[in-house]
Amino acid sequence: MTSTLRRLLLTTVAVTLFVAPAATAQQPLMASLTANPEQPRLNESVALMATSTGSGLSPITNAWDLDGDGAFDDATGRTTKTVFLKDGTHVVRLQASQAVDGVIRTSVAEKTFVIGTPTPTPTATPTETATPEPTATAIPTAAPPTNAPPVARFDRECTRHGQLTLCGLTIAHQGAPKTISAAPSSDPDGQIVKYEWDLDGDGTFEQTTGTTPTVTHTFQPKPRRTIGPIVREWPVSVRVTDDQGAQATQSFTVSVKEPKCEQTVKLGAFTATGACLRDFGDHHRTSEPVTLNGIAIEPKAGQWVSLAKDRIATKNATVSMNAGGTFATLSTGAFEWTPSGTRLNGFTISPDAKVNGLKVTGLSGTSALSGSQFRAKVFVALPAQFGGATSGSPVTLGGVAKAAGADDAFSFSVPTAALGPIGLDRLVVSYNGINLWEIEAGINLPAPAAVDLTGKAGIRSSGKFAYGEAEAKFPGGLPLGGPIPVMLERIKFRIEVDPPESECVPATGRKPLYWPTELLGPRPSSVPAHVDHGHPTFALCGEVALTAGPSVLGKAAARLTAGLGWATYADRPWVLRAFGELELVEIPVAEARLSVHGDGYITAMGKFDWGIDGIVSLSGGINLEMLKTKFNASGRVDACIDAVDLCAGARAIVSSKGIAACLKIDLWLTDWTPGIGYEWGKAFPTPYFSGCDIGDYKVAISRPKAAAAQFTGAARTVDLKAGLPGTSLVIKGEGAPPKVVLTGPDGRTLQPPSDGKPSVVGQGYLLLEDTRTNTTQVLIEKPAAGRWAITPQLGSSTITEVLTADGLDKPDIRVKVARPGVLTYTAPKVAGQTITLVERGGTAGGELGKLTSDRGTLRWTPAQGAAEKRRIVALVEQDGVLREELDVASYRAPKAARPAPVKGLKVTKRGATWKRVQHAAAYTVTVKLRGGKTVVRNVKHPRLAIRGAKRVTVRAVSPSGITGPARSV
């Protein structure tokens with residue numbers, strides 16, 4: 001419904017209410033009654049009936065005075081009965097009442113009854129004469145006429161407007177005198193000698209005007225009851241008395257309206273403007289919004305604003321001022337201002353004052369009129385996510401409201417601030433005229449980036465952080481520092497505060513641990529099923545290009561161009577996550593997930609397909625870990641040796657030195673896993689099984705000896721030592737793989753393929769013929785100790801060389817954790833073998849140390865992360881190449897320690913100093929200056945030079961980004 005239509009409907013209703021009575025004004029209420037019998041005897045019942053007449057628009061109510069005491073409280077209704085118990089004169093009265101147009105009309109009728117035997121008239125005594133004299137007859141006296149009661153009526157103050165009749169009797173304005181007239185009252189057989197008035201509706205006629213039919217009264221609303229609104233309506237009555245003492249009353253309901261409105265009021269140098277400023281004589285008052293030279297005042301909760309030259313006050317109102325294209329809410333509640341020239345003494349702001357969502361921290365200087373507008377200077381603070389830093393200079397409020405444009409948008413500058421771990425400087429904050437504060441600033445990314453760039457951020461008008469974004473490229477790479485080389489080449493991000501779960505922040509809180517079974521196989525029992533991912537306080541989400549890891553072949557081991565997720569936590573180091581395409585030395589890894597922890601721990605997992613055409617191919621999943629100058633990875637893959645068309649499941653081992661696929665070939669005896677190895681940068685991988693559970697190859701038969709044996713047709717022999725888990729023999733031929741039969745000292749015979757196939761798998765052995773390398777390789781599981789004979793078959797190529805490599809036993813490593821940070825171990829030494837212990841958890845990991853003897857104690861500092869169960873894994877290298885990863889123990893890691901509170905904080909005129917906190921990399925300092933200004937600084941040393949500090953708060957920050965408790969002075 002439009003406001004115009006609503007006003008029209010209200011006008012129509014009002015007109016209807018006032019017009020209707022005009023047609024019935026000529027039918028006054030007249031009370032009358034009848035009695036049966038008309039002349040009752042003593043103790044005889046009398047039936048009384050009201051026969052009153054009125055307008056017919058509303059019912060007539062009847063009240064009876066049966067005992068003649070003047071109070072109509074003996075009976076109600078149209079009929080009643082009474083009995084007279086004494087002789088004498090009795091008066092019965094009836095009061096008839098009828099409501100017409102909100103006015104209660106009354107009329108009174110009465111009837112007089114005389115009870116008892118009248119005095120008899122004496123008769124003449126007859127004489128004794130013959131002719132009697134006539135007897136005298138009594139002549140009856142005429143009864144006095146009955147007095148007709150008066151009629152009470154009000155002047156309804158009606159006027160005609162065209163076809164409309166408007167009446168104002170029932171309307172009174174608060175504080176304004178109103179004259180009420182009962183001049184239309186009359187007495188049909190006499191005159192009215194007294195007018196009495198009940199003006200407060202209490203039933204008592206407390207004011208008498210004699211024969212004057214008018215009264216003048218200033219109405220005020222009645223005080224508020226215990227509960228309920230202020231009373232503004234009650235009945236007003238007049239009682240008229242005629243010259244015979246008969247009375248009549250009439251009533252109407254008065255509605256006390258607020259005083260008449262004014263729109264502009266001068267208050268000395270100030271001017272108040274509003275839709276309705278009501279005049280109460282010595283002051284004006286309004287319950288609607290009012291402006292005072294640019295100060296907007298909006299009363300709340302039914303309260304009003306009192307406006308006088310010496311006092312402007314309210315019990316509850318919101319005070320706001322214009323701020324360019326937006327507004328500032330300065331206070332809510334009670335206030336009392338005293339105008340003094342161009343100033344308002346007592347003008348203050350409340351602690352929750354805001355400029356369109358941004359906190360106002362204090363007034364600066366004197367607030368006063370400037371021309372026709374009131375001006376106030378304040379400091380404006382950024383949200384807590386930015387450290388609460390305030391504008392460098394006070395911002396002026398006031399003036400006429402206008403929409404923000406590109407050239408005159410409300411803006412201010414902030415010298416320094418912080419957004420989580422990101423430092424900000426040279427901030428320019430502008431309001432876009434809708435609901436967003438936009439910030440342009442210099443951005444200082446934290447460690448490990450430690451880089452400066454330019455970006456933007458946004459804050460909603462609710463004061464909540466909206467967004468932040470930046471982009472930068474670094475030709476040649478920017479070092480991120482830390483124990484592992486990480487170079488940032490490009491970064492583009494948006495900023496999220498208290499971020500939800502997303503690809504950027506894949507998990508929060510306690511969740512099942514991500515483990516891609518299709519890539520890495522079944523989750524080991526030592527790997528926890530759930531992990532506490534924590535609740536990040538801050539995140540950068542976007543794109544990143546970086547390199548990581550040690551240099552291999554002159555370039556970084558890992559190169560990544562992917563999505564970015566950089567999250568910070570209150571209880572653990574920050575984590576940089578990237579998800580996309582990863583290049584691990586020469587291996588492209590798809591669907592990779594890379595995590596860089598604040599303490600330098602790097603992990604990754606993903607899918608990969610890699611191989612050298614015609615020789616070997618690997619496909620599957622990989623799980624990578626970087627530790628200082630080395631990296632290693634393991635995974636479950638399918639390996640195919642293309643030359644002999646042999647495929648088998650394998651365990652991939654990738655390190656900073658090369659790659660090996662440890663095949664799980666079913667030789668029916670044990671799980672001995674010979675491998676195919678490749679050293680980074682070589683032209684070809686080793687053309688035969690090597691690495692994993694195979695030691696270094698040694699020449700068993702040289703070319704001259706092989707040629708002589710071939711000429712004579714004699715068998716070649718190779719001696720194998722006892723207790724080997726397996727052995728590998730590589731028999732090289734000239735122009736083709738040699739066709740040979742192997743015979744063991746126990747009489748066991750290994751036959752070559754007879755069906756034209758390049759390989760044969762027998763009980764406990766595998767024989768492969770590789771036409772590309774002209775080799776025949778034989779893998780023997782648990783070979784018999786002693787001399788083995790190699791006998792060439794008819795038509796075999798010439799044997800040029802025979803190499804042998806002993807199989808390696810499974811490493812025997814035993815570890816027991818005494819407490820977090822201390823363990824004992826036993827690990828028999830093996831030539832060429834190096835063992836490194838690492839810890840791996842859901843939120844952290846790192847190197848514990850190398851085992852330098854066959855038994856001992858190892859001490860380490862647990863990696864910073866959540867309190868969680870962590871695995872201890874032994875990385876076994878053979879001759880510098882990773883051979884095996886073994887879970888050897890587990891322990892419950894403690895929660896990452898926060899930096900200690902700052903001690904010795906002192907504030908002087910020149911600034912603040914404090915004692916250095918052990919292991920702190922930086923300090924975040926928040927300084928509140930006099931006048932409401934707040935400054936945020938990130939410093940590396942335990943001191944800050946600044947003047948005028950009112951309160952200083954310092955927090956230590958660890959190298960991994962964990963913030964310590966606040967200490968304030």
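Rules used throughout
Residues numbered from 1 in each chain as written. Predicted model: local features only at pLDDT ≥ 70, side-chain atom pairs only at ≥ 80, totals over all residues. Heavy atoms only, no water. pLDDT = per-residue confidence, 0-100. Contact = heavy atoms within 4.5 Å. Pairing = 2+ DSSP bridges. Helix = DSSP H or I, 4+ residues; strand = E, 2+ residues; numbered from the N terminus. Axes fitted to C-alpha atoms, helices over the stretch in contact; angles between N-to-C directions. Disulfide = S-S within 2.5 Å. Buried < 20%, exposed > 50% of the residue type's maximum accessible area, 1.4 Å probe, protein only. Patch = residues over 30% accessible without salt bridge, like charges linked within 9 Å, V, L, I, M, F, W, Y side chains within 5 Å. Areas by Shrake-Rupley, 256 points an atom, 1.4 Å probe, with all protein chains shown as cover. Salt bridge = Lys/Arg side-chain N within 4 Å of Asp/Glu carboxyl O. Lys, Arg positive; Asp, Glu negative; His and termini not counted. Charge placed at Lys NZ, Arg CZ, Asp CG, Glu CD. Polar contact = N/O pair within 3.5 Å; in protein donor to acceptor, adjacent residues only side chain to side chain.

Identification of the chain as PKD domain-containing protein from Solirubrobacter phytolaccae is taken from an unreviewed UniProt entry.

## Describing the confidence of the model for the chain
Per-residue confidence for the chain gives a mean pLDDT of 76; residues scoring 70 or more make up 69%. Long-range and interchain partners of residues 702-713, a stretch whose pLDDT sits below 50, account for 16 contacts in this model, where long-range means more than four residues apart.

## Remarks on the sheet that holds strand E5 (residues 79-83)
With antiparallel pairing, the 3 strands of this open sheet are ordered in space as E1-E2-E5. Each having just a single partner strand, strand E1 (33-36) and E5 make up the two edges of the open sheet. Taken over all neighbouring pairs, the strand axes of this sheet differ in orientation by 25 degrees on average, direction set aside. Sheet topology note: the E1/strand E2 (residues 45-50) ladder contains 4 bridges and is antiparallel.

## Some thoughts on the state of the cysteines
Per the counting criterion, the structure on display carries 2 disulfides. In this model Cys 261 forms its disulfide with Cys 276; the gap between the sulfur atoms is 1.6 Å. Its S-S torsion of about -60 degrees marks the bond between Cys 261 and Cys 276 as left-handed, since a negative value means left-handed. On the criterion of sequence distance, the pair formed by Cys 261 in strand E17 (residues 261-267) and Cys 276 in strand E18 (residues 270-279) is long-range, its members being 15 residues apart. Since its relative accessible area comes to 41%, Cys 261 is described here as partly exposed.

## Describing a negative patch on the surface
Taken together, the side chains of Asp 67, Asp 69, Asp 73 and Asp 74 define an acidic patch exposed on the protein surface. Within the secondary structure, Asp 67 sits in the loop between strand E3 (61-65) and strand E4 (75-76).

## Focus on the sheet that holds strand E63 (residues 855-859)
Strand order in the open sheet formed by 3 strands is E59-E60-E63, and the pairing between neighbours is antiparallel. Because the sheet does not close on itself, it has two edges, and the strands there are strand E59 (814-819) and E63. Across the sheet, the mean angle separating the axes of adjacent strands is 20 degrees when strand polarity is ignored. Of the strand pairs in this sheet, strand E60 (residues 822-826) and E63 are connected by 5 bridges, and their pairing is antiparallel. Paired with Thr 826 across the two strands is Arg 855, which belongs to E63.

## Looking at the pattern of salt bridges
On inspection of all chains with the given rule, the structure shows 17 salt bridges. For Glu 38, the salt bridge identified is with Lys 111, shortest N-O distance 2.9 Å. Pair noted here: Glu 38 is in the loop between E1 and E2 and Lys 111 is in strand E7 (residues 103-115), with a separation of 73 residues, a long-range link. The class of Glu 38 is partly exposed, set by a relative accessible area of 43%. On the basis of relative accessible area, Lys 111 is assigned to the partly exposed category, the value being 22%. Here Lys 721 ties to Asp 806 by a salt bridge, and the two come within 3.6 Å at their closest N and O atoms. With Lys 721 in the loop between strand E50 (716-720) and strand E51 (726-734) and Asp 806 in strand E58 (residues 798-806), this residue pair connects regions lying 85 residues apart in the sequence. Asp 806 sits in the partly exposed class, given a relative accessible area of 25%.

## With respect to a positive patch on the surface
Side chains of Lys 354, Lys 359, Lys 928, Arg 930, Lys 950 and Arg 951 sit close together on the surface and give a patch of like positive charge. Following the sequence through the fold, Lys 354 ends up in strand E26 (residues 354-355).

## Let's talk about the side chain of Ser 350
Of note, Ser 350 is situated in the loop between strand E25 (343-345) and E26. Separated by 2.5 Å, the side chains of Ser 350 and Asp 352 make a polar contact. Beyond its immediate stretch of four places on either side in the chain, Ser 350 contacts Leu 330, Ser 331 and Thr 332.

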